[in-house]
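Observations on the model geometry
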Amino acid sequence: MTHEEAQKIRASNPAVSAWTVLAGQVVVGLLVAAVAWVVTGQPRMGWSAAYGALAVVIPAALFARGLSRQKAVADGNAALLGFFVWELVKIALTVAMLFAAPRLVSDLSWLALLAGFVVTMKVYWVAMWLRLAPAKSLKNI
């Protein structure tokens with residue numbers, strides 16, 4: 001592939017900012033928590049769903065912040081190592097938040113927490129789908 005062809009592909013498929021995806025996760029997390037609260041009529045369901053969403057959003061924000069500081073790294077191996085380190089930090093923080101949930105959320109509903117967690121996590125897929133939906137085939141290049 002030539003340099004011009006690579007530039008054309010990049011121009012036709014712009015990257016989605018991690019912060020945009022994170023903002024979408026915050027909005028979806030708030031919606032899931034509100035729906036859980038309204039549908040069940042129980043505030044504990046809303047708080048449980050909100051905590052599940054936070055278990056996705058807070059580690060993802062830390063990950064995005066860590067990666068945004070990696071942009072200045074010139075060495076590819078160092079950048080890859082940084083990615084894996086921040087991903088490990090994200091996973092560890094997510095697991096720690098899930099273990100802490102029973103102590104932090106009174107009268108926790110694990111089902112609502114799981115719903116908030118899963119729906120908020122799926123924003124990654126929706127963002128990718130929305131980005132790829134209008135993209136043209138590489139055959140047209």
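In case you missed it, the structure is sitting above this.
Residues numbered from 1 in each chain as written. Predicted model: local features only at pLDDT ≥ 70, side-chain atom pairs only at ≥ 80, totals over all residues. Heavy atoms only, no water.

Topic: the packing of helix 3 (residues 43-68) against helix 5 (residues 110-121)
The condition is simple: All axes here are fitted lines through C-alpha atoms, helices being fitted over the stretch that makes contact, and every angle between N-to-C directions spans 0 to 180 degrees. Every helix listed is a DSSP run of H or I at least four residues long, and every strand listed is a run of E at least two residues long, numbered separately from the N terminus. What sets the label is the angle itself: under 35 degrees gives roughly parallel, over 145 gives roughly antiparallel, 65 to 115 gives roughly perpendicular, and the rest give oblique. Left-handed describes a crossing whose near helix is turned anticlockwise from the far helix by less than a right angle; the clockwise case is right-handed. Whether two residues are in contact is decided by their heavy atoms: any pair within 4.5 Å suffices. Gly counts as polar in this scheme, as do all residues outside two lists: the nonpolar Ala, Val, Leu, Ile, Met, Phe, Trp, Tyr, Cys and Pro, and the charged Asp, Glu, Lys and Arg.
Direction vectors running N to C along helix 3 and helix 5 enclose 40°, while the axes themselves pass 7 Å from each other. Classed by the angle they form, the pair helix 3 and helix 5 counts as oblique. When the axes of helix 3 and helix 5 are compared, the crossing they make is right-handed. Residue-level contacts link M45, S48, A49, Y51, G52, A53, A55, V56 and V57 of helix 3 to A112, L113, G116, F117, T120 and M121 of helix 5. Tallied by class, residues from the contact of helix 3 with helix 5 come to 11 nonpolar, 4 polar and no charged.

Quick look at the pattern of salt bridges
For clarity, the cut-off: Here, a salt bridge means any Lys or Arg side-chain nitrogen found within 4 Å of an Asp or Glu carboxyl oxygen. Here the term buried applies to any residue with accessible area under 20% of the maximum for its type, exposed to any over 50%, and partly exposed to those in between, with areas from a 1.4 Å probe on protein chains only.
All chains considered together, the criterion is met by 2 salt bridges. For the salt bridge of R44 with D107, the shortest nitrogen-to-oxygen distance reads 3.6 Å. In this pair, R44 sits in helix 3 while D107 sits in the loop between helix 4 (76-104) and helix 5, placing the two residues 63 residues apart along the sequence. Between K90 and E87 there is a salt bridge whose closest N-O contact spans 3.7 Å. Taken as a pair, K90 and E87 lie in helix 4 at a separation of 3 residues, close to a single helical turn. Since its relative accessible area comes to 15%, K90 is described here as buried. For E87, a relative accessible area of 21% corresponds to the partly exposed category.

Side note on the environment of V73
Its place among the elements puts V73 in the loop between helix 3 and helix 4. C-alpha of V73 to C-alpha of S106: the two residues are 33 residues apart in sequence and 44 Å apart in space.

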